[in-house]
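Close look at the chain arrangement
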Amino acid sequence: MSYQLQQMWLAMVANLTATLATLTTMTLTLAMLGAVSLTILNLQNILGHLASQVQIAAFLSPHADARQVFAELQSSPSFAKIRSARLVTKQQILAQMSAQYPYLKDAALLVSNPFPNTIRIRLKDPIDTTEVAKQVGKLPGVHSVEYGAGYVTRAVRVIDAAEYVGDGLVILLLINSVFNVLTTVRVGIYARRDEIAVMRLLGAGRGFIQTPYLLEGLLLGLLAGGITALGLGWLYRSSIGSLQQLLPALPLLGSSKTVNELLEAVAGLGIVLGVAASWMASRRYLRELS
Amino acid sequence: MIDFHHVALEYPGEATLALDDINLHIKKGEFVYLIGHSGAGKTSLMHLLIRRQRPSKGQIYVLNEPLSRYRGARVALHRRRIGMVFQDNLLLEHLSAWQNVAFALRVAGLPKRQWSDRVGEVLELVGLEHRASHLPRQLSQGEQQRVAIARAIVARPPLLLCDEPTGNLDPDTTDQVIRLLHEINLQGTTILLATHAHEVVEHFRRRTLTLRKGRLIRDDPYGGYAL
């Protein structure tokens, strides 16, 4: 193995420019991939938070039987999309509102309780808000519905689109990285083609010839992944606090276990990418040489 | 040691056969010359023996095993049992004479502790023990060729194939190299030597195979150069 490591080192030094170019590209690719993934992770966190906040309020008609409306809701097709539904009586609403705004209690004594019985609905997926709200609004006994006028749906769509764009970007970057490693290994193989020809004639197996290139891919992947994980982790942790102060309403992920796992995955991906690409390249170009 | 049964070789896109219906048998321990003009098929025959090419027709047996069955890793193992010397010595420029010879042992997977004795032994045999630390560019053509021979025999192959090993050498150096090959043959290694050098074939008479346009036209057990 010491010979293989020595050959790897010689190949890397002999093609230093290509090696550094690949290392830089791989690091940048992994950094962008990590940044996009962290953004997506935060968007998902925001989406999850949003989803937990989204609810539809179905205001019942004054004479509607709440139990009857509840039964209608359970038999409606939109029930499958509902995570929870809870009846809040007008007395409960008045009590809650009075706790926040004490003058309402006095006002309610002058006129009757102005609040309607209300069914508060939470959904499994906030994207269904508009559709479910419309169906609930058509149920007999429901006077009107309120659900945030569709901003939720738009927010969810924007976040979804951002995720798709991010995923697409990540795939393109990965492909770019693979091509970079392919080129580096190809340059290395062609630079040593005479030596490889001698090895072949002396009876060296494919594994013997390929190993230095696989080690090169492993080392490049390890370095790129390590630099990315450490650098991005430091950058994220040092900036997330300020960002959270700037946007207090957004639930951003701090230095959580999930973030650490993501950075470890990026480092691991670097190694897999380096080894897989150099394996493909060495196999292909060695066959080309023979 | 080597058997050819009705072997033909056709390169894609070429109208004529590189080798045509070759039948031959070389026994263990023989020293055989292979002669013929350029393009007669000498190198093609060598390439078949190291499984660099596959015959279009016929069967080849080397060390009593059919080469047609060899694929991938078995080809590599097969080549480790054959020493090869070429006109261009194919030494690795960045390695010393000692390292070039040891390289064959590394490829063959021999433990490092055995290298020193083996490499020293063959460098002494080719008369270059005092030049062991020199790089190829610091050696003369003849010395480089002797290093190549040392590399070819260091793993103690039973068969040594030499393709124009004296093609780039002056007459005195050629003489030294051929004497060295005969010495190696005397130690039991079978040698097949392809050459243009008629003075070699005439001076060191041995069995001689003559190729012309891909056909084996003469198999002279007493040797001599006649094309």
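The structure under discussion appears in the preceding block.
Anyway, here's the lowdown on the structure attached to this text. Nothing here was measured: the structure is a model prediction, and the numbers come from that model. (Residues numbered from 1 in each chain as written. Chains lettered and ligands numbered in written order. Predicted model: local features only at pLDDT ≥ 70, side-chain atom pairs only at ≥ 80, totals over all residues. Heavy atoms only, no water.)

1. What to know about the overall build of chain A
So the rule is basically this: By the criteria applied, helices consist of DSSP H or I runs no shorter than four residues and strands consist of E runs no shorter than two, each listed in order from the N terminus. Our radius of gyration is a C-alpha quantity, and the globule rule it is checked against amounts to 2.2 Å times the number of residues to the power 0.38. Only protein chains enter the calculation, and the probe is 1.4 Å; a residue is then buried if its accessible area is under 20% of its type maximum, exposed if over 50%, and partly exposed in between. Contacts: residue pairs with any heavy atoms within 4.5 Å of one another.
Regarding its fold elements, chain A presents ten helices and four strands. Helices and strands in chain A line up, N terminus first, as α-α-β-α-β-α-α-β-α-β-α-α-α-α. For 290 residues, the compact-globule estimate of 2.2 N^0.38 gives 19 Å, and the C-alpha radius of gyration of chain A, at 30 Å, exceeds that figure by more than 25%. Based on the C-alpha atoms only, the size of chain A along its principal axes is roughly 100 × 40 × 25 Å. When the 290 residues of chain A are sorted by exposure, 43% land in the buried category. Counting only contacts in chain A whose residues sit at least 6 apart along the sequence, the fraction spanning at least 24 positions is 83%.

2. Brief notes about the interface of chain A and chain B
Defined as follows: Accessible surface is computed with a 1.4 Å probe, and the buried area is the amount of it that two parts give up when combined, taken over both parts together. Salt bridges are defined as contacts in which a side-chain nitrogen from Lys or Arg sits within 4 Å of a carboxyl oxygen from Asp or Glu.
Taken together, the contacts link twelve residues of chain A with 15 residues of chain B. Both sides together, the interface formed by chain A and chain B hides about 1300 Å², and carbon and sulfur atoms give 71% of it. Its largest share of buried area at the contact with chain B, chain A owes to Val 198, Leu 201 and Leu 202 of chain A, together 47% of the area lost on that side. If you look at where chain A meets chain B, you find zero salt bridges. Elements represented by at least two residues in the side of chain A that touches chain B include exactly helix 1 (2-14) and helix 8 (193-202) of chain A.

3. Focus on a nonpolar patch on the surface
Cut-off, in case you're wondering: Nonpolar side chains (Val, Leu, Ile, Met, Phe, Trp, Tyr) are joined into patches within 5 Å and like charges within 9 Å, using only residues with over 30% relative accessible area and no salt bridge. Reported accessibility uses the Shrake-Rupley method at a 1.4 Å probe radius. Residues are deemed covered only where the shown protein chains occlude them.
Together, Ile 171, Leu 172, Ile 175 and Phe 179 of chain A line one region of the surface with nonpolar side chains, adding up to about 420 Å² of accessible area. Within the fold, Leu 172 of chain A resides in helix 7 (residues 151-191).

4. Considerations on the pairing of strand 3 (residues 31-35) of chain B
Residue and element names in this part refer to chain B. Keep this limit in mind: Here the rule is simple: two strands pair whenever DSSP picks up at least two bridges between them.
Across the five residues that make up strand 3, a large majority, five, are buried. Burial along strand 3 is two-sided: the face carrying Phe 31, Tyr 33 and Ile 35 and the face carrying Val 32 and Leu 34 are both buried. Bridge analysis of strand 3 against strand 8 (residues 190-195) gives five bridges, and the strand direction is parallel. Counterpart to Leu 34 in the pairing with strand 8 is Ala 194.

5. Remarks on the sheet that holds strand 1 (residues 55-60) of chain A
All names here are of chain A. Inclusion rule: Fitted lines through C-alpha atoms serve as axes, helices being fitted only where they are in contact, and the angles separating the N-to-C directions of these axes extend from 0 to 180 degrees.
The strand order across the open sheet built from four strands is 2-3-1-4, with neighbouring strands paired in antiparallel fashion. With one partner strand each, in any of the chains shown, strand 2 (82-88) and strand 4 (142-146) form the two edges of the open sheet. Averaged over all pairs of adjacent strands, the angle between their axes in this sheet comes to 20 degrees, without regard to strand direction. Bridge count for strand 2 against strand 3 (residues 118-123) is six bridges, and the pairing is antiparallel. Residue Ala 85 lies in a different strand from strand 3, and its bridge partner there is Ile 121. Set on the sheet, helix 4 (residues 90-100) makes contact with strand 2 and strand 3; between it and strand 2 the angle comes to about 85 degrees.

6. Let's talk about the packing of aromatic side chains
Residue and element names in this part refer to chain B. Basically, it comes down to this: Stacked, edge-to-face and tilted are the three classes for Phe, Tyr and Trp ring pairs, Trp counted by its six-membered ring, which pair at centre distances within 6.5 Å; planes under 30 degrees apart are stacked, over 60 edge-to-face, the rest tilted.
Tallied over the entire structure, the rule returns one aromatic pair over all chains. An angle of 65 degrees between the planes, with centres 5.3 Å apart, marks the rings of Phe 31 and Tyr 33 as edge-to-face. What makes Phe 31 buried here is its relative accessible area of 3%.

7. A few points about the sheet that holds strand 3 of chain B
All names here are of chain B. Strands sit in the order 6-7-8-3-9-10 across an open sheet of six strands; the sheet is mixed. Here the strands that pair on one side only, and so sit at the sheet edges, are strand 6 (82-86) and strand 10 (215-220). Between one strand and the next, the sheet's axes are offset by a mean angle of 15 degrees, whatever the strand orientation. Along the sheet face, helix 1 (residues 42-49) touches strand 3, strand 6, strand 7 (159-163), strand 8 and strand 9 (207-212) and points at about 150 degrees away from the line of strand 8.

8. Some remarks on the pattern of salt bridges
Residues and elements named next belong to chain A. Tallied over the entire structure, the rule returns twelve salt bridges over all chains. Across the pair Lys 81 and Glu 131 runs a salt bridge, and its minimum N-O distance is 2.7 Å. In this pair, Lys 81 is assigned in the loop between helix 3 (66-75) and strand 2 and Glu 131 in helix 6 (residues 129-137), connecting sequence segments 50 residues apart. Judged by relative accessible area, Glu 131 falls into the partly exposed class, the value being 37%.

9. Structural notes on the nonpolar core
Residues and elements named next belong to chain B. Our working definition: Residues grouped as a nonpolar core are buried Ala, Val, Leu, Ile, Met, Phe, Trp, Tyr and Cys residues, joined through side-chain atoms within 4.5 Å.
Counting residues in hydrophobic clusters, the biggest one holds 75 residues, and the most contacted among them are Tyr 33, Leu 160 and Leu 181. With seven residues, helix 3 (residues 97-108) is the single largest residue contributor to this core. The residues contacting Leu 160, other than those within four sequence positions of it, are Gly 83, Met 84, Val 85, Ala 152, Ile 153, Leu 181, Ile 184, Thr 189, Thr 190, Ile 191 and Leu 192. With 34 residues, the next largest nonpolar core counts Leu 45, Leu 49, Ile 60 and Leu 159 among its residues.

10. Concerning the packing of helix 3 of chain B against helix 4 (residues 115-125) of chain B
A pair of packed helices can be characterised by two numbers: the angle between their axes and the separation between those axes. Residues and elements named next belong to chain B. Under the convention used in this document: The cut-offs work like this: below 35 degrees is roughly parallel, past 145 is roughly antiparallel, 65 to 115 is roughly perpendicular, and the gaps in between are oblique. Throughout, a crossing is termed right-handed when the near helix is turned clockwise from the far one, and left-handed when it is turned anticlockwise from it by less than a right angle.
One can describe the packing of helix 3 onto helix 4 by two numbers: an axis separation of 10 Å at closest approach and a directional angle of 125 degrees. Between helix 3 and helix 4, the crossing angle belongs to the class labelled oblique. Considering how the two elements wind past one another, helix 3 and helix 4 form a crossing that is right-handed. Contacts between helix 3 and helix 4 pair Trp 98, Val 101, Ala 102, Leu 105 and Arg 106 from the former with Trp 115, Ser 116, Arg 118, Val 119, Val 122 and Leu 123 from the latter.

11. A short note on the side chain of Lys 42 of chain B
All names here are of chain B. Keep this limit in mind: Pairs of N or O atoms within 3.5 Å make up the polar contacts considered here, provided that, within protein, one atom can donate a hydrogen while the other can accept it, and that residues adjacent in sequence are counted only when both atoms are side-chain atoms.
By the element assignment, Lys 42 lies in helix 1. A relative accessible area of 5% means that Lys 42 is categorised as buried. A distance of 3.2 Å separates a polar atom in the side chain of Lys 42 from the backbone oxygen of His 37. Leaving out residues up to four positions away in the same chain, Lys 42 has contacts with Leu 34, Ile 35, Gly 36, His 37, Glu 164, Ala 194, Thr 195, His 196 and Leu 211.

12. A short note on the environment of Phe 79 of chain A
Residues and elements named next belong to chain A. With respect to the element layout, Phe 79 can be found in the loop between helix 3 and strand 2. With a relative accessible area of 31%, Phe 79 lands in the partly exposed category. In this structure, the C-alpha to C-alpha distance between Phe 79 and Leu 123, residues 44 residues apart in sequence, is 9.3 Å. Those residues in contact with Phe 79 that sit more than four places away from it in its chain are Leu 73 and Gln 74.

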